[in-house]
Amino acid sequence: GSAEALFFERLATLDVTTVLPLVLLLFREQELSEDRRRRALKMLESWLVRRALLRLTIKAYNVQMPVLIERVAEDPARADEMLVEELRSGTSEISRWPTDADVSVYYELHDAYNNIAKPRLAMALAAVEQSLYSNKTDILAIPSNLSLEHVIPQSWENHWPLADAATAEEEEAAREARQRALHRLGNLTLVAGGLNTSLSNDPWAKKQKALNAESRLLLNARLIEGYPEVFDEAAVAERTKWLVSRMCEIWPGPEHDWLGQHPEPDEPAKALE
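What counts, and at which threshold
- In this numbering scheme, every chain counts its residues from 1 along its sequence in written order.
- A pLDDT threshold of at least 70 governs which residues receive local features in this predicted model, and a stricter bar of 80 or more applies before side-chain atom pairs are shown or counted, although totals over entire chains, interfaces and linings include all residues.
- Processing note: side-chain calculations cover all non-hydrogen atoms of the structure and skip hydrogens and water entirely.
- Salt bridges, as used here, are contacts in which a Lys or Arg side-chain nitrogen is within 4 Å of a carboxyl oxygen on Asp or Glu.
- Every helix listed is a DSSP run of H or I at least four residues long, and every strand listed is a run of E at least two residues long, numbered separately from the N terminus.
- Note on geometry: axes are lines fitted to C-alpha atoms, helical ones only across the stretch in contact, with angles between N-to-C directions running from 0 to 180 degrees.
- Angles below 35 degrees are treated as roughly parallel, those above 145 as roughly antiparallel, those between 65 and 115 as roughly perpendicular, and all remaining angles as oblique.
- In a left-handed crossing the near helix is turned counterclockwise from the far helix by less than a right angle, and in a right-handed crossing that turn is clockwise.
- Any two residues whose heavy atoms approach within 4.5 Å at even a single point are treated as in contact.
- Residue polarity follows a fixed list, in which Ala, Val, Leu, Ile, Met, Phe, Trp, Tyr, Cys and Pro are nonpolar, Asp, Glu, Lys and Arg are charged, and the others, Gly among them, are polar.
- Using a 1.4 Å probe on the protein chains alone, a residue whose accessible area is under 20% of its type maximum counts as buried, one over 50% counts as exposed, and one in between counts as partly exposed.
- Pairs of N or O atoms are called polar contacts if they sit within 3.5 Å, as long as, within protein, a hydrogen donor faces a hydrogen acceptor (for residues adjacent in sequence, only side-chain-to-side-chain pairs).

### Some details on the pattern of salt bridges
For step 1, the next point in the chain: Following the criterion strictly, the structure yields 19 salt bridges and no others.
For step 2, the next point in the chain: Among the salt bridges present, the one from Arg 36 reaches Glu 81, with a minimum N-O distance of 2.7 Å. Remark: Glu 81 occurs in helix α5 (residues 79-88) and Arg 36 occurs in helix α3 (residues 34-53); sequence separation between them is 45 residues.
For step 3, the next point in the chain: With its nearest N and O atoms 2.9 Å apart, the salt bridge here joins Glu 81 to Arg 78.
For step 4, the next point in the chain: Counted as one network, the salt bridges with shared partners bring together Arg 36, Arg 39, Asp 75, Arg 78, Asp 80 and Glu 81.

### Focus on the packing of helix α2 (residues 20-28) against α3
For step 1, the next point in the chain: In the contact formed by α2 and α3, the axes pass within 10 Å of each other and the chain directions differ by 165°. One finds that α2 runs roughly antiparallel with respect to α3. Note that α2 runs across α3; the crossing there is left-handed. Between α2, through Leu 22, Val 23, Leu 26 and Phe 27, and α3, the contact on the second element is made entirely by Arg 37, Ala 40, Leu 41 and Leu 44.
For step 2, the next point in the chain: Grouping the amino acids of the contact of α2 with α3 by side-chain chemistry returns 7 nonpolar, no polar and 1 charged.

### Considering the side chain of Gln 208
For step 1, the next point in the chain: Looking at where Gln 208 falls in the secondary structure, it is placed in helix α10 (residues 204-214).
For step 2, the next point in the chain: On the accessibility criterion, Gln 208 (10% relative accessible area) is buried.
For step 3, the next point in the chain: Within the local environment of Gln 208, its side chain forms a polar contact with the backbone oxygen of Tyr 227, the two atoms lying 3.2 Å apart.
For step 4, the next point in the chain: A polar atom in the side chain of Gln 208 sits 3.1 Å from the backbone oxygen of Pro 228.
For step 5, the next point in the chain: Those residues in contact with Gln 208 that sit more than four places away from it in its chain are Ile 224, Tyr 227 and Pro 228.

### Quick word on the environment of Ala 168
For step 1, the next point in the chain: Counting through the fold element by element, Ala 168 comes out in helix α8 (residues 168-182).
For step 2, the next point in the chain: Note on Ala 168: relative accessible area 61%, which makes it exposed.
For step 3, the next point in the chain: The sequence separation of Ala 168 and Val 84 amounts to 84 residues, and the corresponding C-alpha distance is 54 Å.

Without other data, these values stay purely geometric and don't point to any function.
Structure below.
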């Protein structure tokens, strides 16, 4: 689908209808070039998604929107410039545009699962999946029935033993670290229709085989390749970092050079490869 179709699809997942008057204005405005409109939509999407991924309130969006609409109406032909200036100026909890550092720190310290609404997490991971596609990829449409899957299972005791601990204290510390890693972003992936429960709880070697056999997602291919032997707490932390950096690239923040030369979206920054 087009960039616009994707924007509306994500807007539906975010469930914020209050922004529609602004979006309609961007589409109605004759003087606005297509490039500038797309850029304005991308800024708006980034602002909304980053706020949703940090659980920031949407309560004041009905107050925010008239302000944004007014700014755009001042110079409709330069809607993207007006919009980025206004979005960058938000400093309070109701209006701020989270930076890359904000997103990184949040996901380093907080669970993703049971904290961020599941459809939003699935949307973010699907966006990462899509960002891995190039013109050499044979499946470009992402299946719509994807569900979240824990890599280290929630019932991990049977098949995912902790490293041997010399003392009871060490054992307790290891158990706490495992519980802490369980719902972090890096321990989540997407599967179509859900692996059945037995597979979900299987040891990593078996789970890898199942993912390999049943999943066509590059997200899972990368997971299996990146962690051939062991997937543990350190892997969760590392993968969290990678996912966050990828999401920050898909939805650039206030520090991004929005009005300068954009790298083409299908050429991910080399640093993240």
